[in-house]
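Read off the chains here:
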Amino acid sequence: AAVVALLGMVAYFSYRQGESDIKNVLTDIEVQAPLGAQTRMRLPDSTWVVLNAGSRIIYGQNFGVDSREVFLEGEGYFEVTPNAENPFYVRSKSLQVRVVGTKFNFRDYPEDEQVLVSLLEGKLLLNNRLRKQADCLLMPDERIVLNKADGMWKLESNRQVTTDVAWKNGMLSFDEILLPEVIKVLERCYDVQITLATDSLASYRFYGNFSRAEQGIKDILEALQA
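Figured I'd write up the structure that's included with this text. (Residues numbered from 1 in each chain as written. Predicted model: local features only at pLDDT ≥ 70, side-chain atom pairs only at ≥ 80, totals over all residues. Heavy atoms only, no water.)

1. Considering unusual backbone geometry
Then, in step 1: Within the chain, S46 stands out as a residue other than glycine whose phi angle is a positive 80 degrees.
Then, in step 2: Structurally, S46 can be placed in the loop between β2 (39–42) and β3 (48–51). (Helix = DSSP H or I, 4+ residues; strand = E, 2+ residues; numbered from the N terminus.)

2. Some points on the environment of M171
Then, in step 1: Following the sequence through the fold, M171 ends up in strand β14 (residues 171–178).
Then, in step 2: Its relative accessible area of 32% is what places M171 among the partly exposed residues.
Then, in step 3: Dropping the residues within four chain positions of it, M171 is found in contact with A166, F210 and S211. (Buried < 20%, exposed > 50% of the residue type's maximum accessible area, 1.4 Å probe, protein only. Contact = heavy atoms within 4.5 Å.)

3. Quick notes on the packing of aromatic side chains
Then, in step 1: Applying the stated rule across the entire model yields seven aromatic pairs.
Then, in step 2: Aromatic pair Y59 and F63: ring centres 5.6 Å apart, planes at 65 degrees, arrangement edge-to-face.
Then, in step 3: One aromatic cluster is present, formed by Y59, F63, F78, F88 and F104 through successive ring pairs.
Then, in step 4: Its guanidinium or amino end placed over the ring of Y77, K168 lies 4.7 Å from that ring's centre, counting from NZ or CZ.
Then, in step 5: The residue whose ring lies beneath R212 is Y190, and the NZ or CZ to ring-centre distance is 5.2 Å. (Phe/Tyr/Trp six-rings, centres within 6.5 Å; stacked < 30°, edge-to-face > 60°. Lys NZ or Arg CZ within 6 Å of the ring centre and 35° of its normal.)

What is shown is where atoms sit, not what they do.
Quick look at the structure:
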């Protein structure tokens, strides 16, 4: 009986050690979109993702088995495959989004002062990771703007959120955007560095639409100069 018990204990601890070794081997998968480019991909559950320039997404090798969770740094457009029994989560340092099946845009670059989530189809449940607030339910043509400085968010309704995802089709759409924010977008999209000649320019706002297929960085800078 003692021998059988000893063999049982050896088998149990060997199993636990093997389970631990497997978890250590299953490292996370990271996909990046370099500056000046976009990355298009399908996750193991067939969810479609487009990463904007200077962005990255991280998910586990067991994605889709026990959970569907990804970590996003930067900007991504998602078309999530429906699965009511296994919700889809997108998490950044500032915000978490719970999805069943929908189309939305999520932007949270580390250097940006705001997080922006725009919903095209379906429903989203948002959880603020910077400040304790009630979860927010987002409906189509609505977006959440989260201020990283104070952790407060603002719901904006009745918007043309399609302009927020125009980037995935090679379009740059600026609607009353401060010039420093315009510069951030251009630096990521064209992998360049732009410097404001004087601080007074930081208060200027810009309206305009550009096609990356038809207009290079020189064309856009000339438009800004004009």
